[in-house]
Amino acid sequence: MKVLKFGGTSVGTVESINQVIDIIQKNVAEGLQMAVVFSAMGGVTNRFIEIGKMAAKGDTEYTEHLLSVEERHFNAVRNLTGVKQQSALIAQIKVIFNEIEDLLRGISLIKDISPRTMDLLLSFGERLSTTMISFTLNERGTKATFVDAREIIRTDSNFNNANVDFEVTDANIQKMANENEGVLCVTGFVATDEFGVTTTLGRGGSDYTASIIGAALNAETIEIWTDVNGMMTSDPRKVKKAFTIPEISYAEAMELSHFGAKVIYPPSLTPAFQKQIPVKVLNTFNAEHPGTTVSSHSGSTAYSITGISSIDDICLVNLQGNGMIGVAGVSAKLFNLLAANHISVILISQASSEHSICFAINPSDAEKVKEIIEEGFAVEIESGDIDKVVVQEQLSILAVVGEGMKSSSGTSGKLFSVLGRNGINVVAIAQGSSELNISIVISKKDITKALTAIHERFFEVDGFTLNVFIVGPTGLIGKTLLSQINKQSPYLKAHNNLNIKIAGLVNSKNMLINEEGIELGAWREELEKGEKANLSEFIADVKELNMANSVFIDSTANKDIVQHYKSILESNISIITPNKVANSSTQEAYDKLKETAKRHNVQFLYETNVGAGLPIINTLQGLINSGDEIHQIEAVLSGTLAYIFNNFEAGQNFVDVVKEAKAQGFTEPDPREDLSGMDVARKILILARETGLKLEPEEVTITPLLNDASVNATSVEDFYEELQKDNGRFEQMITDAKEKGEVLRYIARLKDGKASIGLTAIGKSHPFYNLAGSENIISFTTERYKTNPLVVKGPGAGAEVTAMGVFADIISLSSMLK
């Protein structure tokens, strides 16, 4: 014997009913004996509730609503059965609707609808659908018997949620099964009390009917046919990578359903669970899918958890006070008060000090609960033993469930690590000694982010995904970075199980956000179709999305973007940038950014601020974090100035070397921006701050390269003329250096807590002597590297190496978040 149950969506349309009939006939063809339980057509139960309330209010428009329900059933009949047979079935359906009309007329006359009357009205939904389907099965050649569950399931008179008398019911079901042949088509949800009055079985009523029948007949299996592929690892509307759980235990199903998984209502399946009958959850619209099997044991799996579910909207009530410590009966009094007022408690958490108890409830009960507690504990509150009752709103509960947690260490650590790295604050925690469930209360705005991050960490279905938002994608660094990511993505997926999803782009003209990811091969075209650019709106949208594992990349040198950094970090979004402005402004601003990133447990990465792709900042941080002491830092940090002084020889005009550097693309349009040394000053300032020094920009000593006349020239051409006039000074410097066997290098130096930059003559023993081209070089003289400084050398400018440095920070961030 096999019991099948089809829900409202499965019997909601002609097309779906045809699929139901196909499923039944396939089972019949396999020689299986079946009882099939049917819900009302999708939405009909709610329509009857609405119609009943309208009639009770004297609203005569209920008749129009009833006619639309009637016509829906007649249309189904016309499309399900042949023309010759339609009249017989329509006559049966019309008789039922005549009963409904009589009942509603009575309700409208007395202007009241009692729970007893509502049960009778609601029973018609299942009676209608089962009548249609059983008739159609017979008409299509499959022997079927209509079974009114009111004749076999006996309950008490607790209308709307009746309690079953199993002794009488089991005997009735067994007798019914023995006396009838073919497919037993049973009305779900309905029953009768000992007086023959119609009752209903409450939430999950049709599942309950199937479970009751299956248990009474010792069925081999019970199949719950719905509109999803079984129970999922999480809500697929929130977690795109959620997948079907093949096998799950009764206990796990209970926990997941209590905390929001709505596919089945496990309490209604208790009769089946008690008989240890497996329950399969299957999809009417994808009948070949294996679905989920719920049984006495959990399936073997490589994962430590089985699923994650959530309740989106709850309130947390907190009762606390010094007068609660060591006082017996406070908890009992609290929960007796709630029980007496029919308040359902979703979650309870109590401090071991007994100083506080908090519990989660439905928001609709919040005001009532506050009044109940304040009244019940009025004396204690008045005396100060208990503080004022606090109700927190806009919260959600997330539950991580799985019997595998018992044998897997570190599940809690992994869970809270994921939440922490995504800046999600935990308001309350509850865990039973069975280690089956860890429940946490978090802000409602973070629920989707939390579910996604936890699911990705525990199940790793498609690897780890980093959500990237880029400012300046059409600039040199931005477009090079996107090209590098596109080229390297297959490798990162294959070797690191890492997905870099470009979720947002903005330049000076357009902006685009796509939660599903922007196609890397067509990002230009997609961006051009985006909205008109507005940086503030773009950043607000990024914050509002609140996606897990997000990073904001500023690939520009724009000063205005920096003002948004703090609020981005406060929104628990990491930042990666080659933009030096933030780290080279005031010490206060620098400290605020660092402190904000630390407080919100996010990363602020800027390796490319100094030396482009060279590992300068990471090297310095590694030295300091490992306990080394920095004595001196020397560096050539300008590719432009390195090129100029590597190519300046005695007998040359200095202005010609500068012009050649500009022609080669090494300088800004106005070379004075490079020759001023300000960019180098910003870089040494950043390094100084990384060592722990408190230093303002104006405290960096700059020995000027240019005289006042060159600096103040009104145009670039005028500047070249002034530089030519000053050529003698530069020629003298290069001649003096050559006579001593030295070379000129523009060096930034940090020593004894002071930062300085300027042109310096150095000998052959200096590590910078053989510097060539536009290379950058930096030497760290430390306690460990005292005699031979640690030297980092290589290209320090250019879109390719800078983008590579940003890319390296992206990889580092993904490793931290994973």
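Residues numbered from 1 in each chain as written. Predicted model: local features only at pLDDT ≥ 70, side-chain atom pairs only at ≥ 80, totals over all residues. Heavy atoms only, no water.

## Some points on the side chain of Glu126
Thought 1: Along the chain, Glu126 turns up in helix H5 (residues 115-139).
Thought 2: Among buried charged residues, Glu126 stands out as having no salt bridge; its nearest opposite-charge side chain is Lys5, 8.5 Å away.
Thought 3: Not counting residues up to four positions away in its chain, the partners in contact with Glu126 are Phe38, Ser39, Ala40, Thr45, Thr187, Gly188, Phe189 and Ser206. (Helix = DSSP H or I, 4+ residues; strand = E, 2+ residues; numbered from the N terminus. Buried < 20%, exposed > 50% of the residue type's maximum accessible area, 1.4 Å probe, protein only. Lys, Arg positive; Asp, Glu negative; His and termini not counted. Salt bridge = Lys/Arg side-chain N within 4 Å of Asp/Glu carboxyl O. Contact = heavy atoms within 4.5 Å.)

## Concerning the pairing of strand S19 (residues 498-506)
Thought 1: Buried residues dominate S19, accounting for eight of its nine residues.
Thought 2: Note that strand S18 (residues 464-471) and S19 share eight bridges and pair parallel. If you follow Val468 over to S19, its bridge partner there is Ile502.
Thought 3: With respect to chirality, the unit in which S18 leads through helix H15 (residues 476-496) into the neighbouring parallel S19 is right-handed.
Thought 4: Pairing analysis gives three bridges linking S19 to strand S20 (residues 510-513), with the strands arranged antiparallel. Note that in S20 the partner of Leu505 across the bridge is Leu512. (Pairing = 2+ DSSP bridges. Right-handed = clockwise from strand over helix to strand, strands pointing away.)

## Details of the sheet that holds strand S8 (residues 221-226)
Thought 1: With respect to topology, eight strands assemble into an open sheet ordered S3-S5-S2-S1-S8-S10-S11-S9, the strand pairing being mixed. Edge positions in the open sheet fall to strand S3 (144-147) and strand S9 (247-249), since each of these has one partner strand only. Neighbour-to-neighbour, the strand axes of the sheet open up by a mean angle of 20°, direction not taken into account.
Thought 2: Relative to strand S10 (residues 279-283), S8 is paired through five bridges, and the arrangement is parallel. Directly across from Thr226, in S10, lies its bridge partner Asn283.
Thought 3: Along the sheet face, helix H8 (residues 250-258) touches S9 and strand S11 (292-295) and points at about 85° away from the line of S9. (Axes fitted to C-alpha atoms, helices over the stretch in contact; angles between N-to-C directions.)

## As for the sheet that holds strand S27 (residues 743-751)
Thought 1: Sheet architecture is open: six strands sit in the order S26-S28-S27-S25-S29-S30, paired in mixed fashion. Each of the sheet's edge strands pairs with one partner strand only, and the pair in question is strand S26 (701-702) and strand S30 (790-795).
Thought 2: Across six bridges, strand S25 (residues 630-636) lies against strand S29 (residues 775-782) in antiparallel orientation. Looking across to S29, one finds that Gln632 is bridged to Thr781.
Thought 3: Together, S25, S26, S27, strand S28 (754-762) and S29 form the strand contacts of helix H24 (residues 678-690), whose direction differs from that of S27 by roughly 35°.

## Examining helix H11 (residues 366-376)
Thought 1: Regarding H11, the residues found buried are Ala366, Val369, Ile372 and Ile373. Seen from one end, H11 has its buried residues packed into an arc of 125°, which puts them on one side. More than 90 degrees from the buried face of H11, the exposed residues found are Glu367 and Glu375.
Thought 2: Where the residues of H11 are buried, they touch strand S12 (307-320), helix H10 (330-340), strand S14 (356-361), helix H12 (378-383) and strand S15 (390-401). (Arc of directions from axis to C-beta.)

## As for the packing of H15 against helix H28 (residues 799-817)
Thought 1: Packing of H15 against H28 brings their axes to within 9 Å, and their N-to-C directions diverge by 50°. The orientation of H15 with respect to H28, classified from their angle, is oblique. Where H15 crosses over H28, the handedness of that crossing is right-handed. Listed contacts from H28 to Leu476, Ile477, Thr480, Leu481, Gln484, Ile485, Gln488 and Leu492 of H15 are Ala799, Glu800, Thr802, Ala803, Met804, Val806, Phe807, Ile810 and Ile811.
Thought 2: Residues of the contact of H15 with H28, tallied by class, amount to 12 nonpolar, four polar and one charged. (Parallel < 35°, antiparallel > 145°, perpendicular 65-115°, else oblique. Left-handed = near helix turned anticlockwise from the far one by under 90°. Nonpolar A, V, L, I, M, F, W, Y, C, P; charged D, E, K, R; others polar.)

## Overview of the packing of helix H13 (residues 411-421) against helix H14 (residues 447-459)
Thought 1: Close contact between H13 and H14 brings their axes to 9 Å; oriented N to C, the two are set at 135°. The angle between the axes of H13 and H14 places the two elements in the oblique class. For the crossing formed where H13 meets H14, the hand is right-handed. On the side of H13, the interface is formed by Thr411, Lys414, Leu415, Val418 and Leu419, while H14 contributes Ala450, Ala453, Ile454, Arg457 and Phe458.

## Quick word on the nonpolar core
Thought 1: Counting residues in hydrophobic clusters, the biggest one holds 105 residues, and the most contacted among them are Phe6, Phe48, Ile100 and Val294.
Thought 2: For this core, the element with the most residues is H5, which contributes nine residues.
Thought 3: When sequence neighbours within four positions are dropped, the list of residues in contact with Ile100 reads Phe48, Leu66, Leu121, Phe124 and Leu128.
Thought 4: Counting residues in each nonpolar core, the second largest holds 71 residues, with Val562, Tyr565, Phe604 and Ala681 among its members. (Core = buried A, V, L, I, M, F, W, Y, C linked by side-chain atoms within 4.5 Å.)

## A short note on a negative patch on the surface
Thought 1: Together, Asp156, Asp165, Glu167 and Glu194 give the surface a local cluster of negative charge.
Thought 2: For Glu194, the location among the structural elements is in the loop between strand S6 (190-193) and strand S7 (198-200).
Thought 3: Look at Glu194 and you get exposed, because its relative accessible area is 65%. (Patch = residues over 30% accessible without salt bridge, like charges linked within 9 Å, V, L, I, M, F, W, Y side chains within 5 Å. Areas by Shrake-Rupley, 256 points an atom, 1.4 Å probe, with all protein chains shown as cover. Charge placed at Lys NZ, Arg CZ, Asp CG, Glu CD.)

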